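# Fold and geometry: a report
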Amino acid sequence: MNNRSIEFFVGCFVLVGLAAVLYLAIQVGGARFFGSDRYTITARFSSASGVNPGSRVEIAGVRVGTVKEVVLNERFDAIVTLELPNSLELDEDTIASVKTAGLIGDRYINLSPGGGMPMEPGYEIVDTESALDIESLISRFALGGIDEKSE
């Protein structure tokens, strides 16, 4: 083999390697170029403590989506944007709850579907349950915030 053919094969190998790295970067990054098979809805919580973009969304213990963003609105409520697959049809009376998983306390959103009218993309869930704040419960007990009735 001469020098030209070796250089040609090495160049082809490098191009295939760069294409593979580019493909993996796009897959890991989750970029979508040809439309989306997902839709977004929002949920309004009084406290979304511990829920971050990328947190999971579950129904009956099965992961069905992810949290896209968490922002504060003008009334100081946490607005959590959920990204769900188009194949998942939820109803307008769906309840969204902040739950805790594991010993470390990872927070996620649990959806409890209802039986009403189907919800449209962009719908805002207002029937929500925030996570139990253990610190405030402990401070109530420690500081005597709970009155006991003596009989």
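Residues numbered from 1 in each chain as written. Predicted model: local features only at pLDDT ≥ 70, side-chain atom pairs only at ≥ 80, totals over all residues. Heavy atoms only, no water.

This part is about the overall build of the protein. When its secondary structure is counted, the protein shows 2 helices and 8 strands. Counting helices and strands in the order they occur from the N terminus, the protein gives α-β-β-β-β-β-β-β-β-α. Residues counted as buried form 26% of the 151 residues belonging to the protein. A separation of at least 24 residues holds for 62% of the contacts in the protein among residues at least 6 apart in sequence. Total accessible area computed for the protein in this model is approximately 10800 Å², and 58% of it derives from carbon and sulfur atoms. (Helix = DSSP H or I, 4+ residues; strand = E, 2+ residues; numbered from the N terminus. Buried < 20%, exposed > 50% of the residue type's maximum accessible area, 1.4 Å probe, protein only. Contact = heavy atoms within 4.5 Å. Areas by Shrake-Rupley, 256 points an atom, 1.4 Å probe, with all protein chains shown as cover.)

Sheet topology note: the strand β2 (residues 56-59)/strand β3 (residues 62-72) ladder contains 4 bridges and is antiparallel. Bridge pairing in β3 links I59 to V62. Where β2 folds back on β3, the antiparallel hairpin that results is connected by 2 residues, among which A60 adopts a positive phi of roughly 55°. With 2 bridges joining them, β2 and strand β6 (residues 106-112) adopt parallel strand pairing. Along β6, the bridge assignment pairs E58 with N110. (Pairing = 2+ DSSP bridges.)

What follows deals with the nonpolar core. The tendency in soluble globular proteins is for nonpolar side chains to be buried side by side. With 23 residues, the main nonpolar core has F45, L84, L90, I109 and L111 as its most contacted residues. Contributions of two or more residues to this core are made by β1 (38-45), β2, β3, β4 (78-85), β5 (95-101) and β6. Residues in contact with L111, not counting those within four places in the same chain, are V57, E58, I59, L82, L84, L90, T94, I95, A96 and I125. (Core = buried A, V, L, I, M, F, W, Y, C linked by side-chain atoms within 4.5 Å.)

With the rule as written, the count across this model stands at 1 aromatic pair. In this structure, R56 packs its charged tip against the face of Y108, placed 4.6 Å from the ring centre. (Phe/Tyr/Trp six-rings, centres within 6.5 Å; stacked < 30°, edge-to-face > 60°. Lys NZ or Arg CZ within 6 Å of the ring centre and 35° of its normal.)

Right, let's talk about helix α1 (residues 3-29) for a bit. Helix length check: α1, at 27 residues, gives a terminal C-alpha distance of 39 Å against a target of 39 Å (1.5 Å per residue), a fit within 8%. With 0 of its 27 residues buried, α1 lies for the most part at the surface. With a side-chain oxygen lying 3.3 Å from the backbone nitrogen of R4, the N-terminal cap of α1 falls on N2. (Expected span 1.5 Å × (residues − 1). Polar contact = N/O pair within 3.5 Å; in protein donor to acceptor, adjacent residues only side chain to side chain.)

Moving on, we get to the confidence of the model for the protein. Chain-level pLDDT for the protein is 84 on average; 89% of the residues reach the 70-or-more range. The spread of mean pLDDT over the elements of the protein runs between helix α2 (residues 134-142), the lowest at 75, and β3, the highest at 93. (pLDDT = per-residue confidence, 0-100.)

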